[in-house]
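Here is how the chains run, residue by residue.
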Amino acid sequence: MRRLPVFFVLDVSESMIGDNLKNMEEGMQRIMQTLRTDPYALETVHMSVIAFAGMARTLVPLLEVASFYPPRLPVGSGTALGAALRHLMQELDRQVITSTPDRKGDWKPIIYLLTDGKPTDQVDEAIRTWHDRYARRAQLVAIAIGRYADLSVLKRLTDSVLVFEQSNSGDFAKFIQWMSASVLSQSRAVGQEGGITLAKTDNALLTLVKDITSSDGVPDQDCVVLVGRCRRTRHPYLMKYERVSPNFEIEGITLSTPHFAVAGCYPISEDYFEWSAPEPEGLVVSTEVLLGVPGCPNCGATSAFGRCHCGGLFCLSGDGEVVCPWCGQSVLFLPGGGEDFDVQRGRG
Ligand SMILES: [Zn+2]
Ligand SMILES: [Zn+2]
């Protein structure tokens, strides 16, 4: 039986932390449930998952639907699209069986690339290689999640660029249904020539990007993400702040400069540091523009925003002496302290 290789290339940069990442994990489970009940998919579809943040790695190599289990998604800092493409091309070379005169190879692979940001590494060379050597023997669908994805770079990669904008909570589920239906219809259509069908987006959920004008600049990220550690458990967490609308009013004062309000604080695992690109110097944000302080998701301390001289952030409850979980120095917190300061921010 000839295989239909399907690759999911997922952006797991830290701006995805929270609902997007959870939705993506659950979404993959739902896609697999759908595929498992379909005789065509069971026979032909083989799935692989590649994740990328500051670096790219294969989470699951090509596996038949019956033995595929959706992986836990990591999170890291950076959106290394160039590295993701190079990794994808290596995987296509390594995992996809090509046809020879005496052997029928795999069907043309389908790739779903999902991203919510703009690349933080060089992509030109990878895009050129893609067009020279891969574009004709694979089908690539790029899906921009939200309005901060760099559409022009995606459009240089493939004509099939879709934008998914979530406006209410049921939207992600519908998006996942669309993905499942898309894989299913491809598994039925194998052997027929012609491109991937993207027409069946019957609602405003997904829009096919037609033309990009050069004036469509990429807006700045709409969030600030900061990493801290629990002073008790030493486990890391991410604090996510989302941009509030311009002229946002708080306590009777109208804020004119961009401000960010706390959206959540999420426990992460130690592999965050492996998945992250080294932070460029000077990518800082002042606490002045950050509204609200989350608690520690690991120990329940009231503030996740203590800061050591070393620059590390950690959780805090009240005053007193704390041993910094980053550098081991002890830091004394006095009542009433709390001036604004600059903190290192992630690359989103
Ligand atoms: Zn804590
Ligand atoms: Zn420290």
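Here's what I pulled together on the structure shown here.

Criteria and cut-off values
Residues numbered from 1 in each chain as written. Chains lettered and ligands numbered in written order. Predicted model: local features only at pLDDT ≥ 70, side-chain atom pairs only at ≥ 80, totals over all residues. Heavy atoms only, no water. Donors = N, O, S within 2.8 Å, 3.2 Å for Na, K, Ca; no water. Tetrahedral: all angles 85-135°; square planar, octahedral: opposite > 155°, others 65-115°. Buried < 20%, exposed > 50% of the residue type's maximum accessible area, 1.4 Å probe, protein only. Core = buried A, V, L, I, M, F, W, Y, C linked by side-chain atoms within 4.5 Å. Helix = DSSP H or I, 4+ residues; strand = E, 2+ residues; numbered from the N terminus. Domains from an automatic or database assignment. Contact = heavy atoms within 4.5 Å. Pairing = 2+ DSSP bridges. Axes fitted to C-alpha atoms, helices over the stretch in contact; angles between N-to-C directions.

1. Notes on the coordination of the zinc ion (ligand 1)
Move 1: Distances from the zinc ion (ligand 1) to its protein donors, Cys230 (SG), Cys296 (SG), Cys299 (SG) and Cys315 (SG), fall within 2.3 to 2.4 Å.
Move 2: Metal-centred angles of 104 to 112 degrees between the four donor atoms at the zinc ion (ligand 1) mark the site as tetrahedral.
Move 3: Note on Cys299: relative accessible area 25%, which makes it partly exposed.

2. Some points on the nonpolar core
A general trend in soluble globular proteins is that nonpolar side chains are found buried together.
Move 1: If you look at the biggest cluster of nonpolar residues, it comprises 46 residues, and the most contacted ones within it are Leu35, Tyr112, Ile143 and Phe175.
Move 2: Considering every element that reaches this core, the biggest residue donor is helix H6 (residues 171-189), with seven residues.
Move 3: A domain split of this core shows at least three residues from each of domain 1 (4-208) and domain 2 (223-344).
Move 4: Ignoring anything within four residues of it in the chain, the contact list for Leu35 reads Ala41, Leu42, Val45, Met47, Val65, Ser180, Val183 and Leu184.
Move 5: Counting 30 residues, the second-largest nonpolar core is a separate cluster that includes Leu85, Tyr134, Leu154 and Val163.

3. A closer look at the sheet that holds strand E7 (residues 206-208)
Move 1: On the basis of which strands lie adjacent, the open sheet formed by seven strands has the order E3-E2-E1-E4-E5-E6-E7 and mixed pairing. With one partner strand each, in any of the chains shown, strand E3 (56-64) and E7 form the two edges of the open sheet. The mean inter-strand angle of the sheet, taken between neighbouring strand axes irrespective of direction, is 20 degrees.
Move 2: Pairing of strand E5 (residues 139-145) with strand E6 (residues 161-164), which is carried by four bridges, proceeds in the parallel orientation. Within the sheet, the bridge partner assigned to Ile145 lies in E6 and is Phe164.
Move 3: Contacting strand E1 (4-11), strand E2 (45-52), E3 and strand E4 (110-115), helix H3 (residues 81-95) runs over the sheet at an angle of about 30 degrees to E3.
Move 4: Of the strands in this sheet, E1, E2, E4, E5, E6 and E7 touch H6, which is tilted by about 165 degrees from E4.

Read these as layout, nothing more, since geometry by itself doesn't imply function.
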